[in-house]
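One letter stands for each residue in the lines below.
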Amino acid sequence: MLEFGARSTGEPSEPRVIRCDASVHLQGIEFPTATPQVMRAERTFWEKATAIHVFCAQGEFRGGERFARHGHDVTRLDAAGFADAAIADIGLAQAVADHKSVFFVEKNLRGEVFDYHRAVSGSLRLVPSGGALARLATDYQHMVNDGLLLDDVEPFEALLERCRSVQEKANCGKSQ
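Predicted model, so just to flag it, every value in this text is computed and none were measured.

Reading the values: the criteria
Residues numbered from 1 in each chain as written. Predicted model: local features only at pLDDT ≥ 70, side-chain atom pairs only at ≥ 80, totals over all residues. Heavy atoms only, no water. Buried < 20%, exposed > 50% of the residue type's maximum accessible area, 1.4 Å probe, protein only. Helix = DSSP H or I, 4+ residues; strand = E, 2+ residues; numbered from the N terminus. Contact = heavy atoms within 4.5 Å. Polar contact = N/O pair within 3.5 Å; in protein donor to acceptor, adjacent residues only side chain to side chain. Axes fitted to C-alpha atoms, helices over the stretch in contact; angles between N-to-C directions. Parallel < 35°, antiparallel > 145°, perpendicular 65-115°, else oblique. Left-handed = near helix turned anticlockwise from the far one by under 90°. Nonpolar A, V, L, I, M, F, W, Y, C, P; charged D, E, K, R; others polar.

## As for helix α5 (residues 116-123)
Next, step 1: Listed as buried for α5 are Tyr 116, Ala 119, Val 120, Gly 122 and Ser 123.
Next, step 2: Its buried side turned inward, α5 meets α1 (41-58), α4 (90-103) and α7 (156-171).
Next, step 3: With a side-chain oxygen lying 3.0 Å from the backbone nitrogen of His 117, the N-terminal cap of α5 falls on Asp 115.

Below, the structure is given as structure tokens:
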């Protein structure tokens, strides 16, 4: 799936080979490939992690259903080694916080503007509580029922544990 947005910087980017997912299942058929310039996965990690952070504080989805995909994606980026690289890149984390502070201004339940810089500097929340947790569980189950996750389906509790692990890793050793 390709996503485009007018508020994204698209940086840092790199060329990435794109192949058809069906090609491994349909031997003998040639599928075209492409090598577009794409935003690096480390940037995607911080974009998604900060979106989850805002949800954890607000308890409401912005933009509709299938928000649980962000948690799924963050844990897959972690499994692929991109989260470690993103967490180590303090400049990238700060750049995402700078960008979101201008283009994605959000407020917490007390009406205070989110400080994305705190989120990327040791206060990141990737696991909601209370009603937000229940809404996320329902959203995740809808994604599973709709077949959105293909073969990557795991119990919601396992996804939360993986998010908690990434949260701890991201906050470890940073001032809060």
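From this point, things continue past the structure.
## Let's talk about the packing of α4 against α5
Next, step 1: Contact geometry for α4 and α5: axes closest at 8 Å, N-to-C directions at 155 degrees. Put simply, α4 runs roughly antiparallel to α5. The chirality of how α4 crosses α5 is right-handed. Packed against α4, whose contacting residues are Ala 93, Gln 94, Ala 97, Asp 98, Lys 100 and Ser 101, the element α5 presents Tyr 116, His 117, Val 120 and Ser 121 at the interface.
Next, step 2: Among the residues forming the contact of α4 with α5, the class breakdown is four nonpolar, four polar and two charged.

## Observations regarding the packing of helix α6 (residues 130-145) against α7
Next, step 1: At their nearest, the axes of α6 and α7 sit 10 Å apart, and the two run at 120 degrees to each other. By the angle between their axes, α6 is oblique relative to α7. As α6 runs across α7, the sense of the crossing is right-handed. Of α7, the residues touching α6 (which contributes Leu 133, Leu 136, Ala 137 and Tyr 140) are Phe 156, Leu 159 and Leu 160.
Next, step 2: Partitioning the contact of α6 with α7 into residue classes produces seven nonpolar, no polar and no charged.

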